[in-house]
Amino acid sequence: MPYVRPELFSLKAHPEFTEKWVQERIAEDPAILGLGDLVLKDRERIQPRAGRLDLLLQDPESNRRYEVELQLGATDETHIIRTIEYWDIERKRYPQYDHCAVIIAEDITSRFLSVISLFNGSIPLIAIQMQALKVGEHMTLVFTTVLDELVRGLVDEDEEVELAPRDRTFWEQGAGTRETVAMSDTLIDMSREFDPAIQPNYTKRYIGISRNGQSFNFMIMKPKKTNLNLELKIKRSDEIDSFINDKGLDALEYNRSFGLYKIRVSRDDIVRKKESIQELLRRAYENRNSQ
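Anyway, here's the lowdown on the structure attached to this text. (Residues numbered from 1 in each chain as written. Predicted model: local features only at pLDDT ≥ 70, side-chain atom pairs only at ≥ 80, totals over all residues. Heavy atoms only, no water.)

### Description of the overall build of the protein
Thinking step 1. Of regular secondary structure, the protein possesses nine helices and 14 strands.
Thinking step 2. With the C-alpha coordinates of the protein rotated into their principal frame, the extents come out at 70 × 55 × 30 Å.
Thinking step 3. Of all intrachain contacts in the protein linking residues separated by at least 6 positions in sequence, the fraction that spans at least 24 positions is 60%.
Thinking step 4. Accessible surface, the protein as shown: approximately 15,300 Å² in total, 48% of it carbon and sulfur.
Thinking step 5. Here the protein contributes 42 positive and 50 negative side-chain charges, whose respective centroids are spaced 4 Å apart. (Helix = DSSP H or I, 4+ residues; strand = E, 2+ residues; numbered from the N terminus. Contact = heavy atoms within 4.5 Å. Areas by Shrake-Rupley, 256 points an atom, 1.4 Å probe, with all protein chains shown as cover. Lys, Arg positive; Asp, Glu negative; His and termini not counted. Charge placed at Lys NZ, Arg CZ, Asp CG, Glu CD.)

### Observations concerning the environment of R192
Thinking step 1. Relative to the assigned elements, R192 resides in the loop between α6 (178–191) and β8 (198–202).
Thinking step 2. Once residues lying within four places of it in the same chain are set aside, the contact partners of R192 are I198, Q199 and P200.
Thinking step 3. For R192, the side chain forms a polar contact with the side chain of Q199, separated by 3.1 Å. (Polar contact = N/O pair within 3.5 Å; in protein donor to acceptor, adjacent residues only side chain to side chain.)

### Notes on the pattern of salt bridges
Thinking step 1. Taken as a whole, this structure holds 23 salt bridges when the rule is applied.
Thinking step 2. Between R282 and E286 there is a salt bridge, with the nearest N and O atoms lying 2.7 Å from each other. Placement of the pair is R282 and E286 together in helix α9 (residues 274–289), with a separation of four residues, close to one helical turn.
Thinking step 3. Its relative accessible area of 29% is what places R282 among the partly exposed residues.
Thinking step 4. The structure contains a network of salt bridges with shared partners spanning E239, E279, R282, R283 and E286. (Salt bridge = Lys/Arg side-chain N within 4 Å of Asp/Glu carboxyl O. Buried < 20%, exposed > 50% of the residue type's maximum accessible area, 1.4 Å probe, protein only.)

### Considering the side chain of Q278
Thinking step 1. Along the chain, Q278 falls in helix α9.
Thinking step 2. Ignoring anything within four residues of it in the chain, the contact list for Q278 reads M190, E193 and F194.

### Some remarks on unusual backbone geometry
Thinking step 1. Even without being glycine, E44 reaches a positive phi, approximately 50°.
Thinking step 2. Residue position: E44 is located in strand β2 (residues 39–47).
Thinking step 3. Classification of E44 as partly exposed rests on a relative accessible area of 32%.
Thinking step 4. The residue N212 is not glycine, and still its phi comes out positive at about 55°.
Thinking step 5. By secondary structure assignment, the location of N212 is in the loop between β9 (207–211) and β10 (214–215).

### As for the packing of aromatic side chains
Thinking step 1. Throughout the structure, instances matching the rule amount to seven aromatic pairs.
Thinking step 2. Ring geometry for F17 and W21: centres 4.6 Å apart, planes at 55°, overall tilted.
Thinking step 3. The class of F17 is buried, set by a relative accessible area of 12%.
Thinking step 4. On the basis of relative accessible area, W21 is assigned to the buried category, the value being 18%.
Thinking step 5. On the basis of an interplanar angle of 85° and a centroid distance of 5.9 Å, the ring pair of F170 and W171 is categorised as edge-to-face.
Thinking step 6. Residue classification places F170 among the partly exposed residues on the basis of a relative accessible area of 33%.
Thinking step 7. Assessed through its relative accessible area of 4%, W171 is described here as buried. (Phe/Tyr/Trp six-rings, centres within 6.5 Å; stacked < 30°, edge-to-face > 60°.)

Rendered as C-alpha cells:
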C-alpha cells in the first residue's frame, strides 16, 4: 500500500472550508472533538445582548453541557472573552446543568495558552487546537486538546480535617446496610493483595482509604441500601471506557472535575466480576501511588 504524506493547510486561507463548514462537521459527529459521546443541542445559539454561540453540545448521560466557540486561524483576546462570556450566560440561564467552556482554534499560541491557563483554575475551560490535513484527494480535521479542564484532586489530608470521622455503624445504620458495608470490606481485601497496609477510613460522606495513618484515597466507597457506589481516580481514556463496557460493569457519569470513574457495584458483581473490579482498583492505586 503506497504511503501518502499528509499535507497541512490553513482553513482560514482556504476559500471553500469556512467556519460554517467546520461547524457542520462537528455537528454531524461531535465525538471528533475527543470529549466523549456528545450530542448536538444547538447551533448559532442566540445570546442575549451578546451574539451567537457557535455550538452547544451535551453529554446525554451526565447532562453536562459544553459551550463551544470556533475560530479559524489563531485565537485572540476577543475569542477568549467571547467563549467565557457565552459560558457564563448559559450557566446562569440553565443552572441545573454542569457547564464547560471550549475554545477551538487552528493556532493557540503559547502566549494565549498562558492566558487561558490563568482562567482554568476557576473556570472549567478546555482549549482544542484544530488542524486541517489533506491526504491524497481527501481532507480531514484533527482536534488535539492542548489545555484540559483542571482536574481537582481529592484533597486527602486537608479534606479529612473538615470531614468529621465516623465509624462502621454510622454507615450500616445510615445510607447503607450491613450487607453493602460488607461489600466495602471485600473491595479493601481485593486491594490488600497489592498493598497489605491499607485500611478503611470512615467519614461522613464516604468510606475512604488510609495507609500508615495517612489518607490515601485512590478509591472511595458509598454504600447504599442495595448496592455500593465505587469511585476510582483514573484519567478517562477510551481503553478504560471499553474495558468497563466490555466487562458489563454499571458505569455512572465520569466526574471530569475530580477525574473519577464512578461505578455502581452490586453483590453479584463482587462475585462474578471480581477480576475486572480488581484490575480497576489496581490501576487507581498505581495512579495514586505515582503522585
